[in-house]
Amino acid sequence: DTGVSQDPRHKITKRGQNVTFRCDPISEHNRLYWYRQTLGQGPEFLTYFQNEAQLEKSRLLSDRFSAERPKGSFSTLEIQRTEQGDSAMYLCASSLERTGELFFGEGSRLTVL
Amino acid sequence: QQQVKQSPQSLIVQKGGISIINCAYENTAFDYFPWYQQFPGKGPALLIAIRPDVSEKKEGRFTISFNKSAKQFSLHIMDSQPGDSATYFCAAPRRGKLIFGQGTELSVKP
């Protein structure tokens, strides 16, 4: 399978715990995006990378959220001190800069109890 | 950061009918207008896209119509099938990323 893969697919955690999601993009794609999606809503932009550089981070993203893309390959999204409002589907996507088409993974669903 | 407004929120169409979903945008600098399709439990996938130098693009049963003066673009699904039942999102690019509409849940009844 050469698509975007995300791990874990589901995560249940207690409020206050830290969680980390991993995304492996399509290998030749230089851009990697993180989005958040809640029920009945469209994907909401969180942050994106071009190679290993984080080019933009949404103003909606609190400082409890951090993302990395070491060596421009896979990426991790960490949420510290989780809150119930963090419960959502976290989607990763990758693209080639020149095409603009985003290829999404199947997402990591977070439930904060 | 919502810069694309999508309607309707939900749509029920009989098999064989035409499904029409509309999207209005604000920023006239947008130069690429895609529609994404999402099935339950899956990530969104590109369905069809248009650039503003053309007014219409057709791929099989799916057509995008673009109205630059009204700052609107729409998705038409001809001969709608139950397998088209999904959530559809319009999107527009802004500084290297895509901004998505809120989605339209389409249900095609057999």
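To be clear, the structure that these remarks concern was listed above.
Residues numbered from 1 in each chain as written. Chains lettered and ligands numbered in written order. Predicted model: local features only at pLDDT ≥ 70, side-chain atom pairs only at ≥ 80, totals over all residues. Heavy atoms only, no water.

Caption draft 1: Structural view of the sheet that holds strand 8 (residues 72–77) of chain B. Residue and element names in this part refer to chain B. Here 5 strands make up an open sheet; going across it, the order is 1-3-8-7-6 and the pairing antiparallel. Each end of this open sheet is capped by a strand with a single partner; those strands are strand 1 (4–7) and strand 6 (56–59). For this sheet, the mean inter-axis angle between neighbouring strands, taken without regard to orientation, is 15 degrees. (Pairing = 2+ DSSP bridges. Helix = DSSP H or I, 4+ residues; strand = E, 2+ residues; numbered from the N terminus. Axes fitted to C-alpha atoms, helices over the stretch in contact; angles between N-to-C directions.)

Caption draft 2: Representation of the state of the cysteines within the structure. All names here are of chain A. On inspection of all chains with the given rule, the structure shows 2 disulfides over all chains. Across a sulfur-sulfur distance of 1.9 Å, Cys23 and Cys92 are joined as a disulfide pair. Looking along the S-S bond of the Cys23-Cys92 disulfide, the torsion reads about -70 degrees, which is the left-handed sense. Of this pair, Cys23 sits in strand 3 (residues 19–24) while Cys92 is found in strand 9 (residues 88–95), placing the two residues 69 residues apart along the sequence. The pair Cys23 / Cys92 is uniform in exposure class, with both members buried. (Disulfide = S-S within 2.5 Å. Buried < 20%, exposed > 50% of the residue type's maximum accessible area, 1.4 Å probe, protein only.)

Caption draft 3: Spatial organisation of the nonpolar core. Of all hydrophobic cores here, the largest spans 25 residues; its most connected members are Trp35, Phe73, Leu75 and Tyr88 of chain B. Listing elements by their share of this core, those giving two or more residues are strand 2 (10–14), strand 3 (19–25), strand 4 (33–38), strand 5 (45–50), strand 7 (62–67), strand 8, strand 9 (86–94) and strand 11 (104–109) of chain B. Here this core gets 4 residues from one element, more than from any other, and that element is strand 9 of chain B. Dropping the residues within four chain positions of it, Tyr88 of chain B is found in contact with Gln6, Ile21, Tyr36, Gln37, Leu47, Leu75, Ile77, Gly103, Thr104 and Leu106 of chain B. In this structure, Phe21, Leu32, Leu46 and Leu61 of chain A belong to the second largest nonpolar core, which totals 19 residues. (Core = buried A, V, L, I, M, F, W, Y, C linked by side-chain atoms within 4.5 Å. Contact = heavy atoms within 4.5 Å.)

The analysis is restricted to geometry; functional conclusions fall outside its scope.
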